[in-house]
Amino acid sequence: MTEVVKVQDITKTYGKKGQKQYQALKGISFDVQRGEFVGIMGASGSGKTTLLNILSTLDQPTSGKVLINNRDITTLNKNQMADFRGQEIGFIFQDFNLLDNLTNRENIALPLSLQNVKASQIKPKVEKIAERLGIDQILDKYPAEISGGQKQRVASARALVHEPAILYGDEPTGALDSKSATELLETMKDLNENDKVSILMVTHDPYSASYAQRILFIKDGKIGNELKKENKSREEFYQEIIAELGRR
Amino acid sequence: MLWKLSLTGIKSRFKDYLVLFSGLTFASAIFYMFMSIATNSTFLKGSIAIAFKITQLVFGFGIALLAIITFVYIVYANSFLLSMRQKDYGMYMMLGARTSKIGALIFLETLVVGLFATILGTAIGIGLTQLVSQLLINQLGLQIHKFIGFYIPALLWTLVFFAALFFLAALWNRHKLVKSNVIDLLHENQKPVKLRHNPVWKFIEAILGLGLLAVGYWAMANYKVLLTNSIGIGFFTIVIGSYFVFDSFFTAIVNLLRKNKNFEYKKLHSFTLGQLKFRLGDYTRILSIVSLLFALALGAITVGLNFNNMTEQALESTYYDAVLYQESPSVKKQLKKVSVKSETTLDYKLVENKKEKIPQILYIPENEITDKKLKFQHFYMDKNGQQSYSTKTFNVKDLKDENSDRGHEMRYQLASLTPYPDAQVKVVSQDQYNQLKAKNQYVKLLLVNNFRSNFANIEKLQKMSVKQMVGQPEVESKSIEVSLTNSKSASYRFISSIASGFEFMGFFLGLAFLAMLASTLMFKVLSGANSDKPRYNMLWKMGARKSLLKSSIAKEIGVLFALPAVLGVIDVLFGLQFFKSILKNPYDKIWIPFAIFGVLYVIYYILTVVLYQGIVLKKENN
């Protein structure tokens, strides 16, 4: 197996030198293997968001290296970073972040347009992923006209349409009801197992986390414990996570 | 405590407030400038009495329009202020601040910001009026009596008008905030956009809009048949037509572009088109107003500049640029300051014969006429009923013809060259001329190299030369007056003083309108910036380069600026037809006003884009 994400001892310090400084990340290292589904759990303020921002080139680490698909993303310039995000990374956010003035079809097509994919190739790609996610009937509606669960599926389709190296989820079920949340998580699991999509999901919800194969616990800017699902059932793994959370 | 919060709120959004504040300041400055010129009677009386009534009419109309557009402007600037503040106010209310207290807060905030801006704006307006009027007067070579920027009635009008406007705006803001829910205030940005679909009605509307515009343009071009009706018809049809066109036609074009997948799926095109689709629905009213004002402003400048052509006509009315009667040392000295292209002399003798009906007789030898080929400007009405001139050469045959009109005209024109315009003219052979017992006199006829730029010196020369004649026994003081007014420099001065007034007004009216309409559009665009922030942030996260986002913004705003401009330009091109009744060729040198206007409009566009990008795009801190 090869690593799709390789994080080497990254730190992040806020505040200028000489002034009051705050260290959000204090040396974090881990890998995500290709085709793996990794969860990152931690309380508010533990550094989850900072970590995800750095992994997605939205922010820069103070020190350390991040390799995605064997490319060091900490050495890229702004335009290279933008292109890199467009090509190698897919995002799903808690609040969907769909563009309300575009139809769902246009929303999904956007990452491809940004990469100058030909219009004739865009249509089949959009329809293929939409069918995969069961949203092919609502493609020509606007985001305001569909349910929250559907919105998150459209967002997932948009995150995956350009076949990124890795899919990042930032509390993807945070704004969904429990039924929609389960459906989305099942879909993510399915994509991971059958389509070999590598997923890194940040969450504080043990139920969501139980769908991952491996969970990293982050606390006060450092990686603490690590749990692996291995051959356990999802319910057993869930109990294990609860126990781990209770231990702190 | 709330006051402190409010102040820190302003401080944290200082940049946005600066935009708003400078916009309001500018509005009041423009309004003052306009009022100071429109109500300043010394200025208006300075430009000839005939023009006075027309001037007042034009300015009355101008003030009404400017007041309306200022009102619209304040409404948009105000909604910009509200869009910045409502989240903060929602927050205070959530924290338990009483509605009445919040109401008082927003009321005072609006009023204070508005009044400060007005006072500062008026002060700037005084300076600007002085500066702009000087600039215009010098640049256009206008002849206007001295003009002072500070004028109390204008000051009072401006203060009262703006105070009233801001009072209303403050009431409105208070009303709006107090009435709305805390939740709505906090999530104003996230409200889903309402969608409208009715292709059939849109289609009818598009056809109707284009049809109405066509009727309006037709009415403008056919002012000869419709007379003053063409204004009414044109105004009505173009106003409604513009609205329909913006509401349907342009949305249809955007939809058509969205159907073209090769175009749509290219970079951020789909996003830009999506933005425009929703914007156009929201912008229909403002875009139609802006297009009309654009047409009025551009039209005012074009027509104003065109009055300059009236001076062209003044130059055509006389052939010789200056006529010298005597060359005293001082006249000779002045002559050296004028760049002379050619000079001819005309010999004559003046004989008094009391028995004749007209006792003064001018004798001119035939040779003078045949050899020197002297010329004059013949006045006539052309096919279109326009006053025109053509250059003709004096000839002996016509001059001797006592009965033809041509003979009369030539003799009159010849006499006009001498200091004795009322004298009879007799053309005689050289022999007869030599036998006449009278002093041989002559006039010197000058053509100069550049009349306009030489004007001051030529006028002085002409005056000096004529004044030399005072005291000569045969010359009556009345005919000296006539000689002076007949001269080219005198008619040029007369016409250009009228034309200058109109030109100045046209320019001023046009610039004031332009400033207001462009600022209004700017604030309408900027007031949507806050709700666009998350969209651009999202695109950035998805991997759109910042340069791409910038160009998307520039395109989107570009379309919003270009649409009313295009319609406005078409309006002007057809509207100018109407002025054919007053002006000889309203389309003459049309590129000059268009270029001036275009440059200023583009500056506004760039400013809007830069401000918008500043609000919408995050700074990348690496």
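Residues numbered from 1 in each chain as written. Chains lettered and ligands numbered in written order. Predicted model: local features only at pLDDT ≥ 70, side-chain atom pairs only at ≥ 80, totals over all residues.

1. So, the overall build of chain B
(1) Moving on: The secondary structure content of chain B amounts to 24 helices and seven strands.
(2) Moving on: Going through the 622 residues of chain B one by one, you find that 41% of them count as buried.
(3) Moving on: A fraction of 84% describes how many contacts in chain B between residues 6 or more apart in sequence connect residues 24 or more apart. (Helix = DSSP H or I, 4+ residues; strand = E, 2+ residues; numbered from the N terminus. Buried ≥ 20, exposed ≤ 12 C-beta atoms within 10 Å, placed from the backbone. Contact = placed C-beta atoms within 7 Å.)

2. Re the overall build of chain A
(1) Moving on: A tally of regular secondary structure across chain A gives eight helices and ten strands.
(2) Moving on: The principal-axis extent of the C-alpha atoms belonging to chain A is close to 50 × 45 × 35 Å.
(3) Moving on: Within chain A, buried positions represent 46% of all 248 residues.
(4) Moving on: In chain A, 68% of the contacts between residues at least 6 apart in sequence involve partners at least 24 apart.

3. Some thoughts on the environment of Tyr363(B)
Residues and elements named next belong to chain B.
(1) Moving on: Turning to its location among the elements, tyrosine 363 is positioned in strand S3 (residues 360-365).
(2) Moving on: Residues tyrosine 363 and asparagine 229, spaced 134 residues apart in sequence, show a C-alpha to C-alpha distance of 56 Å.
(3) Moving on: Leaving out residues up to four positions away in the same chain, tyrosine 363 has contacts with Tyr348, Lys349, Val351, Lys426, Val428, Tyr433 and Leu436.

4. Considerations on the interface of chain B and chain A
(1) Moving on: With 24 residues of chain B at the contact, the number on the chain A side is 24 residues.
(2) Moving on: Residue classes in the side of chain B that touches chain A are distributed as nine nonpolar, six polar and nine charged. (Nonpolar A, V, L, I, M, F, W, Y, C, P; charged D, E, K, R; others polar.)

5. What to know about the sheet that holds S3(B)
All names here are of chain B.
(1) Moving on: Spatial strand order, S1-S7-S2-S3-S6: five strands in an open sheet with mixed pairing. If you trace the sheet from one side to the other, it starts and ends with strand S1 (322-324) and strand S6 (424-428), each paired once. Strand-to-strand, the axes of this sheet are offset by a mean angle of 35°, without reference to chain direction.
(2) Moving on: Relative to strand S7 (residues 440-448), S1 is paired through three bridges, and the arrangement is antiparallel. Counterpart to alanine 322 in the pairing with S7 is leucine 446. (Pairing = 2+ DSSP bridges. Axes fitted to C-alpha atoms, helices over the stretch in contact; angles between N-to-C directions.)

6. Digging into the pairing of strand S6 (residues 89-93) of chain A
Every other side chain in a regular strand lies on the same face of the sheet, so the side chains alternate between the two faces.
Residues and elements named next belong to chain A.
(1) Moving on: Within S6, four of the five residues are buried, which leaves the element mostly enclosed by the surrounding structure.
(2) Moving on: In this sheet, strand S7 (residues 166-170) lies alongside S6 in parallel orientation, the contact comprising five bridges. Residue pairing in the sheet places phenylalanine 91 in a bridge with tyrosine 168 of S7.

7. Quick word on the sheet that holds strand S5 (residues 71-72) of chain A
Each strand in a sheet pairs with another by means of backbone hydrogen bonds, the pair being arranged parallel or else antiparallel.
(1) Moving on: Spatial strand order, S2-S1-S4-S5 (chain A): four strands in an open sheet with antiparallel pairing. Two strands bound the open sheet, and with one partner strand each, they are strand S2 (22-33) and S5 of chain A.

8. Topic: the environment of Gly90(B)
(1) Moving on: In this structure, Gly90(B) sits in helix H4 (residues 49-94).
(2) Moving on: Here the alpha-carbon distance between Gly90(B) and Leu177(B), two residues 87 residues apart in the chain, equals 8.6 Å.

9. A short note on the environment of Gln33(A)
(1) Moving on: Relative to the helices and strands, Gln33(A) resides in strand S2.
(2) Moving on: Each C-alpha atom of the pair Gln33(A) and Val4(A) lies 5.5 Å from the other, and the pair is 29 residues apart in sequence.

10. Examining the nonpolar core
(1) Moving on: One finds Ile30(B), Leu293(B), Ala297(B), Ala512(B), Phe513(B), Met516(B) and Leu517(B) to be the most contacted residues of the largest nonpolar core, which totals 192 residues.
(2) Moving on: Membership of the second largest hydrophobic core comes to 34 residues, among which are Val323(B), Leu399(B), Leu414(B) and Tyr433(B). (Core = buried A, V, L, I, M, F, W, Y, C linked by C-beta atoms within 7 Å.)

11. A few points about the packing of helix H3 (residues 104-114) of chain A against helix H4 (residues 119-132) of chain A
Residues and elements named next belong to chain A.
(1) Moving on: Where H3 meets H4, the closest approach of the two axes is 10 Å, and the angle between their N-to-C directions is 125°. Our classification of the angle between H3 and H4 gives oblique. Here H3 runs over H4; the crossing is right-handed. Counting all contacts with H3, which are made through Arg105, Ile108, Ala109, Leu112 and Ser113, the residues of H4 involved are Ile122, Lys125, Val126, Ile129 and Ala130.
(2) Moving on: When the residues that make up the contact of H3 with H4 are grouped by side-chain class, the tally is seven nonpolar, one polar and two charged. (Parallel < 35°, antiparallel > 145°, perpendicular 65-115°, else oblique. Left-handed = near helix turned anticlockwise from the far one by under 90°.)

12. Focus on the confidence of the model for chain B
Residue and element names in this part refer to chain B.
(1) Moving on: Taken over all residues, the pLDDT of chain B has a mean of 77, while the share at 70 or more is 84%.
(2) Moving on: At the level of individual helices and strands, chain B shows its lowest average pLDDT in helix H3 (residues 41-46), which scores 55, and its highest in helix H24 (residues 591-616), which scores 87.
(3) Moving on: For residues 189-193, every residue scores under 50 in pLDDT, and the model assigns this stretch nine contacts once sequence neighbours within four places are set aside.
(4) Moving on: Predicted complex, confidence summary: ipTM 0.86, pTM 0.74. (pLDDT = per-residue confidence, 0-100.)

13. Looking at the packing of H3(A) against helix H12 (residues 269-306) of chain B
(1) Moving on: At their nearest, the axes of H3(A) and H12(B) sit 9 Å apart, and the two run at 140° to each other. One way to sum up the angle between H3(A) and H12(B) is to call them oblique. Here H3(A) contributes Glu106(A), Ala109(A), Leu110(A) and Ser113(A) to the contact with H12(B), which in turn contributes Ser270(B), Phe271(B) and Gly274(B).
(2) Moving on: Class assignment for the residues of the contact of H3(A) with H12(B) results in three nonpolar, three polar and one charged.

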